[in-house]
Amino acid sequence: MAQKPSIPKGTRDFGPSEMAARNYIFDTIKSVFRTYGYAPIETPSMENLSTLLGKYGDEGDKLLFRILNSGDAFSGIDFEEYRLNEGDRQYNSKALSLKVCEKGLRYDLTVPFARFVVQHQNDISFPFKRYQIQPVWRADRPQKGRYREFYQCDVDVIGSKSLVNELELVQITDRVFRLFGVDVLIKINNRKVLTGLAEISGFPDKVVDITVAIDKIDKIGLEAVEAEMREKGLTDEAIAVIEPVLTLKGSHKEKIAAMRGLMDGKSASGIVSSAGLGGLDELEELFGLIDAAGVSQEVEIDLSLARGLNYYTGAIFEVKAKDFQIGSICGGGRYDNLTGIFGLPGMSGVGISFGADRIYDVLKGLDKFPEEVTSSTRVLFANMGDTELKYLLPVVKSLREAGVACEIYPESLKLKKQFDYADRKAIPFISITGGDEMAAGTVNIKNLSSGEQRNFRKEDTKGILEFVSE
């Protein structure tokens, strides 16, 4: 018995209508990227593991798909060197994988971008503005809205520390979702504020542990976050300093003012955090720019926003749909020295990533795809026989050259089958042109939605074009 075909969990097939919808997403996002001066690049699906490891934190490293070296990868391996305990069958899989795997599938587009910038620095004009739309892979547990293979639409600028770049990312996000007709909430924080939070709690060396815990607050809740911080060694007194910040309410001005009171030594710990105050200064300047720019979508400071990636150093962003329950659909932030790990220090950059797969789910769930997106074919020409087919070929050619997607039904079958074909593909217009029309030198076009039909002169491409474009 033949094995039933399947695909790996966390991956998906996309048929023609789904691809039309996805291309609508990509084309819309690209069009906005281009209006802000960003140019496209592509990088390979696989990178050297040395490029990827250590850039995403321990949890991120666990989610990297490693590629087994070609040939007999395990030839010459002394497994005894990797045995954890003498006499058992457990091995140090992490160390062993590094021996047999030199490459991995990219986890995101930002680290490969940093590698690209360093490798091609002599060919780049800085500040360098690029966008990149390609798939990434994560060995995550598949669930609703979380996939192992998914597309990211990244936009980054590197070689400038100006907060105008952060503003542009907010404006790009605002414009993209206005074009999609989706209301979103753009959340912003600053990693320097989180560093300050660790400092005023008395645990400056625990900033990564605090950040990783805080990043889970939407998934596991405040109590579980506090429990995780205790597991990492924070005291109840330290957690008492952090907790009010995570639940702080009010306008961005009120939140910044409240945080200044904590960072300038007025907290219970009495510790002054220059890093935290610097982050608040940046937030204040950025929100001043956002207010002046007239951004339409809702933007707020979320002091519990952490973003788990270790390379962020300044502003961090997260975007959520207001009317559809799903995780974040965009995320990003400022990174001051990501290129430094590849030998080019001091090259600050900032970017944001649009999660195309989640955006697809949101648009589908909210029925926001334009009707014309679902069908690429505008007109179906029914096949009434060989003579009629030859009569119609010049008409079809003229319409295609004018940019109208047309199909000719390949066989001369009963009209019901041809109508059913148009209905299944959501083709809005059909042409049934027979002997009478040929004798009159005309072409019949019918609107399948309204029932209206007209006869046009065979040469009247303009008239047909106007009718099928209504």
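Keep in mind it's a predicted model, so treat the numbers as computed, not measured.

**Looking at the pairing of strand β4 (residues 101-105)**
Looking at chain direction, strand β2 (residues 46-48) and β4 are connected through three bridges and run antiparallel. By the bridge assignment for β4, E47 is matched with G104. Of the strand pairs in this sheet, strand β3 (residues 66-68) and β4 are connected by three bridges, and their pairing is antiparallel. Bridged to I67 within β4 is K103.

**Topic: helix α12 (residues 252-263)**
The terminal C-alpha atoms of α12, which comprises twelve residues, lie 16 Å apart, in line with the 16 Å expected from a rise of 1.5 Å per residue. Taken as a whole, α12 has its buried residues at H252, K255, I256, M259 and M263. Taken around the axis of α12, the buried residues stretch over an arc of 95°, which confines them to a single face. In this structure, the buried side of α12 is in contact with α7 (191-200), α11 (236-246), α13 (274-293) and β8 (298-301). Note on α12: the residue one or two positions beyond its end, G265, has a positive phi of about 95°.

**Things to note about the side chain of S348**
With respect to the helices, strands and loops of the structure, S348 is situated in the loop between β10 (330-335) and β11 (349-355). Side-chain polar atoms of S348 contact the side chain of D336, separated by 2.7 Å. With residues up to four places along the chain from it excluded, the contact list for S348 reads V157, I158, G159, S160, K161, R334, Y335 and D336.

**Some points on the nonpolar core**
By size, the foremost hydrophobic cluster in this structure holds 97 residues, and its most contacted members are F177, F180, I188 and F354. Excluding its chain neighbours within four sequence positions, the residues that come into contact with F180 are Y24, I25, T28, I29, I359, L363 and K368. In this structure, F381, V395, V396 and I464 belong to the second largest nonpolar core, which totals 16 residues.

**Focus: the sheet that holds β3**
Spatial strand order, β2-β4-β3: three strands in an open sheet with antiparallel pairing. A strand with exactly one partner marks an edge of an open sheet, and here the two such strands are β2 and β3. Each strand axis lies, on average, 45° off the axis of its neighbour in the sheet, ignoring direction.

**Here's the deal with the environment of S160**
Within the secondary structure, S160 sits in the loop between β6 (149-158) and α6 (164-180). The exposure class assigned to S160 is buried, which follows from its relative accessible area of 17%. Spatially, the C-alpha atoms of S160 and D123 are 17 Å apart, while their sequence positions differ by 37 residues.

**Remarks on the packing of α7 against α12**
Two elements in contact, α7 and α12, have axes whose closest approach is 10 Å; the angle formed by their N-to-C orientations is 40°. By the angle between their directions, the pair α7 and α12 is classed as oblique. Here the hand of the crossing between α7 and α12 comes out left-handed. Residue-level contacts link V193, G196, L197 and I200 of α7 to M259, L262 and M263 of α12. Its residues placed into classes, the contact of α7 with α12 shows six nonpolar, one polar and no charged.

Cut-offs and rules
- Residues numbered from 1 in each chain as written.
- Predicted model: local features only at pLDDT ≥ 70, side-chain atom pairs only at ≥ 80, totals over all residues.
- Heavy atoms only, no water.
- Pairing = 2+ DSSP bridges.
- Helix = DSSP H or I, 4+ residues; strand = E, 2+ residues; numbered from the N terminus.
- Expected span 1.5 Å × (residues − 1).
- Buried < 20%, exposed > 50% of the residue type's maximum accessible area, 1.4 Å probe, protein only.
- Arc of directions from axis to C-beta.
- Contact = heavy atoms within 4.5 Å.
- Polar contact = N/O pair within 3.5 Å; in protein donor to acceptor, adjacent residues only side chain to side chain.
- Core = buried A, V, L, I, M, F, W, Y, C linked by side-chain atoms within 4.5 Å.
- Axes fitted to C-alpha atoms, helices over the stretch in contact; angles between N-to-C directions.
- Parallel < 35°, antiparallel > 145°, perpendicular 65-115°, else oblique.
- Left-handed = near helix turned anticlockwise from the far one by under 90°.
- Nonpolar A, V, L, I, M, F, W, Y, C, P; charged D, E, K, R; others polar.

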